[in-house]
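# Examining the three-dimensional arrangement
Below are the chains, spelled out letter by letter.
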There are 2 protein chains.
Amino acid sequence: MSVSPSPRVTPVILSGGAGTRLWPLSRAASPKQMLDLTGGGSMLALTAARVADAGLFAAPILVAGADQAEAIAAQVPGLACLILEPAPRNTAPAIALAALAAGRDDLLLVLPSDHLVRDAAGFGAAVRRALPFAQDGWIVTFGMKAERAETGYGYIERGAALGEGVFAAARFIEKPGPEAAAAFVAGGVHDWNGGIFLMLAATMIDALGRHAPDILKAARAAMAGARRDGKRVHPDAAAFAASPAQSIDYAVMEKAERVAVVPAAIGWSDIGSFAALHLVSDRDGDGNVVAGPALAIDASGCLIRSDGPMVAAIGVADLVIVATRDAVLVVPRAESQRVREAVEALKAKKREDLL
Amino acid sequence: MSVSPSPRVTPVILSGGAGTRLWPLSRAASPKQMLDLTGGGSMLALTAARVADAGLFAAPILVAGADQAEAIAAQVPGLACLILEPAPRNTAPAIALAALAAGRDDLLLVLPSDHLVRDAAGFGAAVRRALPFAQDGWIVTFGMKAERAETGYGYIERGAALGEGVFAAARFIEKPGPEAAAAFVAGGVHDWNGGIFLMLAATMIDALGRHAPDILKAARAAMAGARRDGKRVHPDAAAFAASPAQSIDYAVMEKAERVAVVPAAIGWSDIGSFAALHLVSDRDGDGNVVAGPALAIDASGCLIRSDGPMVAAIGVADLVIVATRDAVLVVPRAESQRVREAVEALKAKKREDLL
């Protein structure tokens, strides 16, 4: 594909995650992107729908774990190709596979499969603003409006303006402490790093070659030895296993020179905890988010969700109560990231059947 | 049976209850007496074991709902007879049926099927102390040591001493207010009414005839028309339906003249709420009672019980968390009686399948 006045963008949807931060909802067999967390479909289906505008987007490339092939095929019709990772190696190798599968001149929009963007029109506008810079060889990141002093996210510091609403990225900061995070929010030149990037395939391949040559080499070998089955691509397992497991932030973004940032207040959330899910969900008059068969009696500020059993919550405040067929979580909303302690305890008890 | 120097006592175990105070554990199909709440067996099985000493007790009479026949037969072997109530009519009609099934000279020990008595030896000693008074025509109640100002129980006020550890019952007080309850505990002459009574069958029949003739008449007709099937007795449904539904306290105890009370500090609890269950159960170092598959992580003062799903409770205090296959309850321990609000809400939603 040659660069043209109105090029189309190929979405690269990364669906390799198998997080446990929303246990017991999220499991190895049903990772977060497969869950309907906000209504209207799975996070993956909503992500695919967000890049379905044929005026701007071409058919997407999806990179996912091999065990997720069938579930994904059902959720995302019309894929350009489905690259099935033989093993999870973090985001940089996944993006390398996609960049090699695309044409060098293709514009790629890399985006996680399990994030929420409430303002789809704003999202499209931000991508359009980024387009000329991506065509010019920049890696363009999207800076999500830092709405609070979140210590669980990475931040991007804006540098010099490159154009209307486009800045050079001065610095990437990984998960700051609470004071630094508060200063970032107050200062107004830092955005959250939402893990969404636009660039030419060639730009990414060249950046990988310069900053992460082992990853690029392994990805090339894996794609050279790939088995193809219709739209499904099975990279060579042994070759891919040789790749370092690194995030794209670490492998490329923090090191590359021509990185831009387009600030985008588009209602983004990674829904990285039940507290975050509570924050982005519709709440009743008592501040409860209730989903599934549940009774909230004199309850306030709670997230109550059931995928099966009837949950009766009486006289409680600010709790997360999540029930599935085989597991129940109860934790104060403000401590919902502590779910990982339950996951660790279950691992220690060899209860992988519950993970 | 004639009155002899060492008469045996026929236990009359009342198993008609279908309480919902321990929902979602207790259900119509598995009432509280069928649950293993304290370990070692169902409340009914523990009750039967408590009156298994052949030196003191004869084979028991059990009065239960007709739908419970099979479950009870499995739990209590060696019954003298199993009287299956065609419909629940409260305790007085149930006791009337049992008294009519027994011989007039039989000593009957009426006891609920779903109460806890931790001191079995003390229980036997109290029964022995009551025996001569029962043989002499008294209805002897057992006064459970009032350990706290409980407003959910009835109280018995001791009157004149009749003998060593035996008093005339001066007064029955149904569920006092908190101030009265506190005064009772402080005063030391009031005991909890545990619903356990010893008397001759003839004494009970005569008292019913005097104070509740309609109940006695209906019970006589129901037993006259009863269908017998081995040890199972099916009283006539239409005749039994004519009986007023009254408690034995209301129908007889509060009105009869020769009522005695034997104070008995025997570790009694009716386990009428999850708070009561927490109180009588073994607690870990953090004050938690944990039963079934559960993780208590930085939790304290909680009752966590699962009959199926893995429960993970993290960073919570003084909660009741009860999970079954199809329902989950979360309520502060001090408000655990509010479970009835969930039961009422489920009734309103026509979710009898969960009750």
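It should be emphasised that the depicted structure is a prediction, and the values quoted were computed from it without experimental measurement.

## Details of the packing of aromatic side chains
Residues and elements named next belong to chain A. Tallying each qualifying case throughout the model produces eight aromatic pairs over all chains. Taken together through their ring pairs, the aromatic side chains of Tyr153, Trp192 and Trp268 make up a single cluster. A cation over an aromatic ring shows up here: lysine 255 above the ring of tyrosine 250, its NZ or CZ 4.3 Å from the ring centre.

## Section: the confidence of the model for chain A
All names here are of chain A. On average, residues of chain A score 94 in pLDDT, and 98% of them reach the 70 mark or higher. Low pLDDT (under 50) marks residues 1–5, which in the prediction has five contacts with non-local residues, meaning those over four places away or in another chain. Predicted complex, confidence summary: ipTM 0.89, pTM 0.90.

## Let's talk about the side chain of serine 42 of chain B
All names here are of chain B. Mapping serine 42 onto the fold places it in the loop between strand 1 (9–15) and helix 1 (43–50). When its relative accessible area of 6% is taken as the criterion, serine 42 is described as buried. Looking at serine 42, its side chain comes within polar contact range of the main-chain nitrogen of alanine 45, at 2.9 Å. Only 2.4 Å separates the side chain of serine 42 from the side chain of glutamine 75, close enough to count as a polar contact.

## Concerning the pairing of strand 16 (residues 303–306) of chain B
All names here are of chain B. Side-chain alternation along strand 16 places Leu303 and Arg305 on one buried face and Ile304 and Ser306 on a second face that is also buried. Direction of pairing for strand 14 (residues 289–291) relative to strand 16: parallel, over a ladder of three bridges. Paired with valine 290 across the strands is isoleucine 304, a residue of strand 16. Bridge analysis of strand 16 against strand 18 (residues 319–323) gives four bridges, and the strand direction is parallel. For leucine 303, the partnering residue across the bridge sits in strand 18 and is valine 320.

## With respect to the side chain of aspartate 114 of chain A
In this fold, aspartate 114 of chain A is placed in the loop between strand 4 (107–112) and strand 5 (116–117). Aspartate 114 of chain A gets classed as buried once you look at its relative accessible area, which sits at 16%.

## A short note on the pattern of salt bridges
All names here are of chain B. Going through the model one piece at a time under the given rule, you end up with 36 salt bridges over all chains. The closest approach of N and O atoms between arginine 338 and glutamate 341, which form a salt bridge, is 2.7 Å. Residue glutamate 341 is classed as partly exposed on the basis of its relative accessible area of 28%.

## Let's talk about the relation of the copies chain A and chain B
When chain A is fitted onto chain B, the two copies agree to an RMSD of 0.1 Å after a turn of 180° and an axial shift of 0.0 Å. What the rotation and shift describe, once combined, is the action of a two-fold rotation axis. In terms of C-alpha distance to the rotation axis, chain A has arginine 325 of chain A as its closest residue, with the C-alpha 3.6 Å off the axis. With an isologous cut-off of 70% or more, the 100% of interface residues of chain A that recur at the interface of chain B puts this contact in the isologous class.

So, how was this worked out
- Residues numbered from 1 in each chain as written.
- Chains lettered and ligands numbered in written order.
- Predicted model: local features only at pLDDT ≥ 70, side-chain atom pairs only at ≥ 80, totals over all residues.
- Heavy atoms only, no water.
- Phe/Tyr/Trp six-rings, centres within 6.5 Å; stacked < 30°, edge-to-face > 60°.
- Lys NZ or Arg CZ within 6 Å of the ring centre and 35° of its normal.
- pLDDT = per-residue confidence, 0-100.
- Contact = heavy atoms within 4.5 Å.
- Helix = DSSP H or I, 4+ residues; strand = E, 2+ residues; numbered from the N terminus.
- Buried < 20%, exposed > 50% of the residue type's maximum accessible area, 1.4 Å probe, protein only.
- Polar contact = N/O pair within 3.5 Å; in protein donor to acceptor, adjacent residues only side chain to side chain.
- Pairing = 2+ DSSP bridges.
- Salt bridge = Lys/Arg side-chain N within 4 Å of Asp/Glu carboxyl O.
- Least-squares fit on C-alpha atoms with pLDDT ≥ 70 in both.

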